[in-house]
Structure formats: C-alpha cells, structure tokens
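Residues per chain are reported as follows:
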Amino acid sequence: MKKILLAISVVSLFTGCSIKSLSSKKNDDFVRYDNTNHVVGDKEKAIKTLVYIEKFNDTIDKKIIFYIDKFPYQKDFDLCSDQKDFKQLKSVITYKNGDSKPIYINHPIECKSSITFENEKIGSYNLSFLTGFKNYKLKGYDMPLPYQANRRLSNFIIEDKPTFQTSSYWYFEQ
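So, here is what we can say about the structure in this document.

The rules behind these values
- Residues numbered from 1 in each chain as written.
- Predicted model: local features only at pLDDT ≥ 70, side-chain atom pairs only at ≥ 80, totals over all residues.
- Heavy atoms only, no water.
- Pairing = 2+ DSSP bridges.
- Helix = DSSP H or I, 4+ residues; strand = E, 2+ residues; numbered from the N terminus.
- Axes fitted to C-alpha atoms, helices over the stretch in contact; angles between N-to-C directions.
- Salt bridge = Lys/Arg side-chain N within 4 Å of Asp/Glu carboxyl O.

## Examining the sheet that holds strand 4 (residues 59-68)
Consideration 1: The strand order 2-4-3-11 describes an open sheet built from four strands, whose pairing is mixed. Taken across any chain shown, the strands that pair with only one partner, and hence form the sheet edges, are strand 2 (35-40) and strand 11 (168-172). When strand polarity is set aside, the average angle formed by the axes of neighbouring strands in this sheet is 10°.
Consideration 2: Sheet topology note: the strand 3 (residues 48-56)/strand 4 ladder contains nine bridges and is antiparallel. Counted as the bridge partner of Glu54 is Lys62 from strand 4.

Put into structure tokens, the structure is as follows:
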C-alpha cells in the first residue's frame, strides 16, 4: 500500500510540474514591459508634480510622474530609454553540416514622447509606450519583436478632482 501511495505521489508531482511548464510556455509568447515607473524631470527643481495613470482591469498598467519646474512647460522624453541596446535577430545562417548561426543587428527602440502645458490647467501630450515583446521563432532562435502603443490629445484639461472611474486620468499631487 505504501508503494502505491508513493507511486501516485511521484506521478502527481511530475504531472503537476509538466502542466505548470506547459501553461507557462503558453504565456511566454508575449513579454510585457513595465510602464509603471516612469519619472520625467527633476524632483528637486519641481514646483508641481503631475501624475498620469492608466488602468487595465482595475490595476495600474501605466504611470508617469512629471516633475514640472515652470509654466509654460514643454518636455520631450523617451519612455523606453533603457532599450537603446536592443538586438534584433536579422537572419540565421545555416551551414552545410547543419549547424546554424544567428545574425543580430543593433535596433534601438525609441518611445519618443512629449508634453506641453500653457498653464496649470490646459495641456497637450503625445505618449509612446513600449507595451512589450511578442516572441517569434526563426529557425529555432528567439526573435522578439517590440509592440508600442500611442496616446495623443491636444488641449486637454486637468480637473481639480479627477474622475478615478475612467481608465486613464491626470492629476496634480498635493
């Protein structure tokens, strides 16, 4: 009886691991980029702190903190500046003996963005977010391709009391 229980436990252990492995592989085809820690400007010189929030399924998906040093305010920035060394798979060379060699090229990702305020209430923005990487295969090698999303709006108004019921909103921290 003990041997049967031990055998069932071992089989359950391996089955559980393989199921977990299969499900994690299924989610590995898209790797999300963390857009919740963006900071623009110098906190020490700030006269106002502006926050942009975007939610998905009641969870903060994107967050940018702007340290504004003066009005009118205009700032250009890159929301994925840490991706300057991104290498993209260009091709795979296959030799007669069956060996292969991947060829990578430097392909920096840019998320050029900007914000403009004439005063403390009215502004315009162009935000370019890196949402993540879709992972494809080329002759057995990973080939992640970047996906981006843009948000643009001219002459938007920042309300004194933002409506937190919407999926995206701006507010000044007190």
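## Regarding the pattern of salt bridges
Consideration 1: Taken as a whole and assessed by the stated rule, the structure comprises ten salt bridges.
Consideration 2: The closest approach of N and O atoms between Lys134 and Asp29, which form a salt bridge, is 3.1 Å. Here Lys134 is found in strand 9 (residues 122-138), whereas its partner Asp29 is found in the loop between helix 1 (2-27) and strand 1 (30-32), with 105 residues between them in sequence.
Consideration 3: For Asp61, the salt bridge is made with Arg32, and the minimal N-O distance between the two is 3.0 Å. With Asp61 in strand 4 and Arg32 in strand 1, this pair connects stretches of sequence that are 29 residues apart.
Consideration 4: Within the structure, one salt-bridge network assembled from shared partners comprises Arg32, Glu54, Asp61, Lys62 and Arg151.

Such coordinate-based values are descriptive only and should not be taken to indicate function.
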